[in-house]
Amino acid sequence: MAEIKIIYGSTTGNTEAAAEKIAAALGGTAIPVAEADGGSFQADLLILGSSTWGAGDLQDDWIAAEALLDAADLKDRTLALFGLGDQVGFGDTFADAVGILWRKVRSKGARVIGFTRTDGYEFLSSSAAENGCFAGLILDDNNQNDLTDSRIASWCDQLKQEAGLTDEKVAHS
Ligand SMILES: Cc1cc2nc3c(=O)[nH]c(=O)nc-3n(C[C@H](O)[C@H](O)[C@H](O)COP(=O)(O)O)c2cc1C
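These notes cover the structure that comes with them. (Residues numbered from 1 in each chain as written. Predicted model: local features only at pLDDT ≥ 70, side-chain atom pairs only at ≥ 80, totals over all residues. Heavy atoms only, no water.)

**Structural notes on the site of the ligand**
And step 1. In the vicinity of the ligand, 20 residues are found, and the nearest of them are Ser10, Thr12, Thr15, Thr52 and Thr93.
And step 2. A distance of 2.6 Å is found between an oxygen atom of the ligand and a side-chain nitrogen or oxygen belonging to threonine 15.
And step 3. One nitrogen or oxygen atom from the main chain of aspartate 86 is found 3.1 Å from an oxygen atom belonging to the ligand.
And step 4. Expressed as a share of its isolated accessible area of 640 Å², the protein-covered part of the ligand is 84%. (Near = heavy atom within 4 Å. Polar contact = N/O pair within 3.5 Å; in protein donor to acceptor, adjacent residues only side chain to side chain. Areas by Shrake-Rupley, 256 points an atom, 1.4 Å probe, with all protein chains shown as cover.)

Here it is, written out as structure tokens:
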């Protein structure tokens, strides 16, 4: 059975709620990054999530855990990213935390899956976006809360396909 871990950082609970929903949909385990250790980064499918704070910064618990991420062996690991942001209030740094994680895991040789189209979002700039795609699932509970559940559901279906997880391989919780 495929082991799926979702490691997330969340300040006001939005990313945490998304992580729990992703875990339920995929039969994975959601782990707050503040409680993660080196072993937490070993999984058949590793999913990392962060909201964006400050002006395009990682969420605080991720900043504190950066050494842990730096030390993780991600070579050829199948990995997906998600993040929460506010495209209206912070349209020039929209979901930049996902862009920060993306660059980091890419430089460590991870196989990043789960890209999504930027259609349906309105923002000026995002380091998580390239060529009309985000490097993962982007959620905006501030402005598009009504879309969060359907975006999570279709992204989880996409991940199952891209990671080659059949329903038999995915644990049901
Ligand atoms: C002070 C502050 C700074 C923020 N900075 C950004 C930002 O630069 N880019 C962005 O997309 N969202 C930004 N946000 C929005 C948060 O990412 C958003 O509210 C998110 O849902 C919080 O998720 P969390 O509760 O999991 O931490 C900011 C919010 C606050 C209050």
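**A word on unusual backbone geometry**
And step 1. Positive phi outside glycine occurs at alanine 95, with the angle close to 55 degrees.
And step 2. Along the chain, the position of alanine 95 falls in the loop between strand E5 (78-84) and helix H4 (96-107).
And step 3. You can call alanine 95 buried: its relative accessible area is 1%.
And step 4. With phi around 50 degrees, asparagine 131 is a residue other than glycine that occupies positive phi space.
And step 5. Tracing the backbone through its elements, the reader meets asparagine 131 in the loop between strand E8 (129-130) and strand E9 (133-134). (Helix = DSSP H or I, 4+ residues; strand = E, 2+ residues; numbered from the N terminus. Buried < 20%, exposed > 50% of the residue type's maximum accessible area, 1.4 Å probe, protein only.)

**Looking at the nonpolar core**
And step 1. In this structure, Ile7, Phe41, Leu48 and Trp62 are the most contacted members of the largest nonpolar core, which totals 29 residues.
And step 2. For this core, the secondary structure elements donating two or more residues are strand E3 (45-53), E5 and H4.
And step 3. Among the elements that line this core, the one with the most residues is H4, at 5 residues.
And step 4. Not counting the four nearest positions on each side in its chain, isoleucine 7 is found in contact with Ile31, Val33, Ala36, Ser40, Phe41, Leu46, Ile47, Leu48, Gly49 and Trp62. (Core = buried A, V, L, I, M, F, W, Y, C linked by side-chain atoms within 4.5 Å. Contact = heavy atoms within 4.5 Å.)

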